[in-house]
Amino acid sequence: MIVFNEVSKQYDGVKALADFSLDIEGGEFVFLVGPSGAGKSTLLKLIIREELPTEGSLFVDGEEVSKIPSSGVPHLRRKVGTIFQDFKLLPQRTVFENVSFPLEILGLPDDEIEKTTDEILRLVDLNSKAANFPDQLSGGELQRTAIARAMVLRPEIILADEPTGNLDSGSAWEVMQLLAKLNSLGTTVVMATHNVDISSSLPHRKLELQRGRLVRDTKQKTKGASKKEKEK
Amino acid sequence: MIKFPRLIKVAIQRIFRNPSNALAAVLVMFSAFFICGAFVLVTVASGALLHYFESRPEVTAFLKDNTTGDQVKKIQQTLSDSGVVSKTKYVSKEEALRIYKERNKNEPLLTQFVTSDILPASIEVSTYKLADLSKVAEVLKKESSVEEVVFEKDIVNTLTKWSNTIRLVGIGVVIFLLLTSFLITLIVIGLNISIHKDEIEIMRLVGATSWYIRTPFILEGVFYGVFSGLVAAMLLFSFFLWASPTLHRTFAGIDILPSAPLIFIYLLLGEFLIGATIGIIGSFVATRKYLSS
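Along each chain, the written sequence defines residue order, and numbers are assigned to residues from 1. Chains and ligands are labelled sequentially in the order written, the chains with letters from A and the ligands with numbers from 1. Residue-level local features of this predicted model are given only where pLDDT is at least 70; pairs of side-chain atoms are given and counted only at 80 or more, and the full residue set underlies all totals for whole chains, interfaces and linings.

If you check an unreviewed UniProt entry, chain B appears there as Cell division protein FtsX from Candidatus Woykebacteria bacterium RBG_13_40_15. UniProt positions are given in the numbering used here, feature names are shortened, and annotations may be inferred rather than shown by experiment. In the Sequence similarities (unreviewed entry) part of its UniProt record, chain B is described as follows: "Belongs to the ABC-4 integral membrane protein family. FtsX subfamily." Among the UniProt annotations of chain B, the heading Subcellular location (unreviewed entry) holds the following wording: "Cell membrane".

Within an unreviewed UniProt entry, the label attached to chain A reads Cell division ATP-binding protein FtsE, and the organism entered is Candidatus Woykebacteria bacterium RBG_13_40_15. Per UniProt, chain A has the following entry under Function (unreviewed entry): "Part of the ABC transporter FtsEX involved in cellular division." You can read under Subcellular location (unreviewed entry) in the UniProt record for chain A the words "Cell membrane".

Right, dumping it as structure tokens:
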């Protein structure tokens, strides 16, 4: 599903990622762990082509990311849902409007947008907050809104960049349960985190990065549901 | 497929959420369109005025009271033989009175005591070329039955000079103002883009295409242009209606804005079109400049 082939990324001569090779299969749940500046966010940015690799090649769902034309980048980003530590919600839109925004971009009919958004809001238990604005929500609710927006297009991959970083432990575990639920439905989840409690207490594969290099890969592949299983 | 009504809604929301920006853009563009429109009208009017003097008998010879019909025919024959005269017209004392009364029909005091006796008969002479006017005037001055020669060449020359100056200054001012409008659109849209920087970043991250992000800004630019053009054309028309009686009095008998309502419709359409074009190009350049970074 995601393949890094000797990928390097440099910023002004400083290597954020160095000769990085990795293969993440469909349906996996992978933790990216390591200190600040280890290259976790860079790795996620490369996947959604917010950044381009300096060297090497990166494939997402069989497509070489750096060879996707600019016009194709929005399609890649619709295939990969992203969750951010700072939520990145539109402050002047309600929860419903934030979640439905990716559907709006696709130009879907209003009734279909309403139906899909309602379903997703129920899944993240936010249907009662649909009309609220982001500044009326708690940290956990904000992150659940962001998760709902990331999954509304039913992407095959979800990238989560420190999704629990700004949350109390209770909310953090709620978010983890939600991500686990998505993974159990067959979605590939790649989550960057500082939170050792969370990463060490769950049996998922862990990739440890230090100074842009992969120093440990537990290879504990705990697929919630591979595509084949899902088809069955 | 992009849902256009949604993008229009977004554009309208952005305009109303930053009213000071919108007002600045509309005011600058309105001023530009108003002044441009005024120059267009003055150019058309000066052209009409020039055409009026060029197409009228430029030399008028007022005849002595005792001039006979044979003398008039002889003068007309002499002029016709010169080969430079396109038309001659004899205006009798009675005809002169009729024209005088027609021109002053709204001023009964001016017509009450006037009779044909006090008005001179005249010969109005048109030439093919303005340059031949002096020649014809000299011929007429030599005729013994001619009392006075009124020669309009100076008026035409002065008008031509003015008309050309207005046209040149007008073109310069129009170019300057349109360029200013373009730059103001660019700045206002650029400001709006920077205000919505976070929103744009989020849109990109969730997979919005460049056109989805760009279209509301372009619609915003089109709105500024079209609205400013509309207000400017309407105000110019109102001003024309208000000044019409004065203009009619000042330029009695001269249609300085031929088919006036039609000219304003053309002006409105022109300002719409130019406004929309400036809006589109200005916002397109702004989005290219600011969204690519």
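Residues and elements named next belong to chain B. UniProt's feature table lists "transmembrane region" (unreviewed entry) at residues 21-53, 168-195, 222-243 and 263-286, given in the numbering used throughout. Numbering of helices and strands starts at the N terminus; helices are DSSP runs of H or I of at least 4 residues and strands are runs of E of at least 2. Within the segment residues 21-53, helix and strand shares are 100% and 0% respectively, and the terminal C-alpha atoms sit 48 Å apart. Across residues 168-195, helical content stands at 100% and strand content at 0%; the span's end C-alpha atoms are separated by 41 Å.

A separate point is the sheet that holds strand β4 (residues 146-151) of chain B. Residues and elements named next belong to chain B. When DSSP locates at least two bridges between a pair of strands, those strands are taken to pair. The strand order across the open sheet built from four strands is β2-β3-β1-β4, with neighbouring strands paired in antiparallel fashion. Of all the strands in the sheet, the pair left with one neighbour each is β2 (85-91) and β4. Sheet twist, expressed as the mean angle between neighbouring strand axes with direction ignored, is 15°. When strand β1 (residues 59-63) meets strand β3 (residues 122-127), the two strands line up antiparallel, connected through four bridges. Each residue of the ladder has a partner; that of T60, found in β3, is E124. Sitting on the sheet, helix α6 (residues 133-142) touches β1, β2, β3 and β4, and the angle it makes with β4 is about 170°. Lines fitted to the C-alpha atoms define the axes, with helices restricted to the stretch that makes contact. Angles between their N-to-C directions range from 0 to 180 degrees. Contact between residues is assigned whenever the C-beta positions, reconstructed from backbone atoms, fall within 7 Å.

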